[in-house]
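Breakdown of the fold
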Amino acid sequence: MTPDLPLNDVLELGGIFCVALSGGLSAVRKRFDVFGVLVLAWAAGLGGGMLRDVLIGAVPPVGISDWRLVATAVLAGLVIFFFHPRLERMRRTIIVLDAGALALFVLVGTVKGLELGAGMLASVFVGVLTGVGGGILRDVLTGEVPLILQDRQLYAIPALLGAGATAVLWQVDALTVWTQGAVVLLVFGLRLLSLRLGWSAPGPWMGRRGGSPSGRM
């Protein structure tokens, strides 16, 4: 058995709540009604986990079978519906919490895939999908190109590194509470550092113009 992080259940519920807030905010910005806000909160908070469970055969997915998770996502939607003007002013805080949720979801998703015998490569894929899948569903349901595809901010890359590190630690039988915590800190720190320093993934190669892709050094 893989050792759980301290307060693992509380951390998971907190992560779902934070990501569900982003879904609810997207619905409010699109002027959805209360049902739309709740659906977007649920999709954002639990979408990644449901996609993971379907891919690895863990059915029914936790997003429709665990009442605690569903209730947490719905609660986040209600909070957004009634208090969104105040929460809009807390955007930076929500971004930080979202980074923490990304890190935790990547770890949980990768470990779940490994525990069910999905193999290292498949587990890395489902780990990343657990972290970013909710945001993809949120954007698709609001008619937007998924942010992960159009914004070059480092989001999927920290998730990929975290999932890969988790799989390697599992393979060498070194996945302990401490190493899991290190993976979470790696993903969380890299995500926030990239935002702070403006790091981004490279865009399309435009050929050599003056010695650099963009024509500038």
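These lines cover the structure that appears in this document, whether it is placed above or below. Fair warning: this is a prediction, and the values are worked out from it, not measured in the lab. (Residues numbered from 1 in each chain as written. Predicted model: local features only at pLDDT ≥ 70, side-chain atom pairs only at ≥ 80, totals over all residues. Heavy atoms only, no water.)

So, empty space enclosed by the protein
How we decide: Here a cavity is any set of points on a 1 Å grid over the protein atoms alone where a 1.4 Å probe fits but cannot get out, and a pocket is any open set with protein on both sides within 12 Å along at least 5 of 7 lines; a residue lines the site when it has an atom within 4 Å of a point. Grid points are joined across faces, edges and corners, and a volume is the space filled by probe spheres set on the points. Secondary structure elements are taken from DSSP: a helix is a run of H or I of four residues or more, a strand is a run of E of two residues or more, and numbering for both begins at the N terminus. Residue polarity follows a fixed list, in which Ala, Val, Leu, Ile, Met, Phe, Trp, Tyr, Cys and Pro are nonpolar, Asp, Glu, Lys and Arg are charged, and the others, Gly among them, are polar.
Using the criterion set out here, one finds one cavity of 30 Å³ or more in the structure. Put simply, the largest cavity is a space of about 30 Å³. Around the largest cavity, the lining residues are Asp-9, Glu-12, Leu-13, Arg-68 and Leu-69. Contributing elements (two or more residues each) for the lining of the largest cavity: α1 (8-29) and α4 (67-88). Ranked by the residues each element gives to the lining of the largest cavity, the list is headed by α1, at three residues. When its residues are assigned to classes, the lining of the largest cavity shows two nonpolar, no polar and three charged.

Concerning the pattern of salt bridges
What counts is decided by this rule: Any Lys or Arg side-chain nitrogen found within 4 Å of a carboxyl oxygen on Asp or Glu counts as a salt bridge. Only protein chains enter the area calculation, which uses a 1.4 Å probe; residues under 20% of their type maximum are buried, those over 50% are exposed, and those in between are partly exposed.
Counting across every chain of the model gives five salt bridges. A salt bridge links Lys-30 to Glu-144; the nearest nitrogen and oxygen atoms lie 2.6 Å apart. Taken together, the positions of Lys-30 in the loop between α1 and α2 (34-56) and Glu-144 in the loop between α6 (120-141) and α7 (147-150) put the pair 114 residues apart, joining distant regions of the chain. Owing to a relative accessible area of 37%, Glu-144 belongs among the partly exposed residues under this scheme. The partner of Asp-53 in a salt bridge is Lys-112, with the nearest N and O atoms 3.1 Å apart. Of the two residues, Asp-53 sits in helix α2 while Lys-112 sits in helix α5 (residues 91-115), which places them 59 residues apart along the sequence. With relative accessibility at 21%, the residue Lys-112 sits in the partly exposed group.

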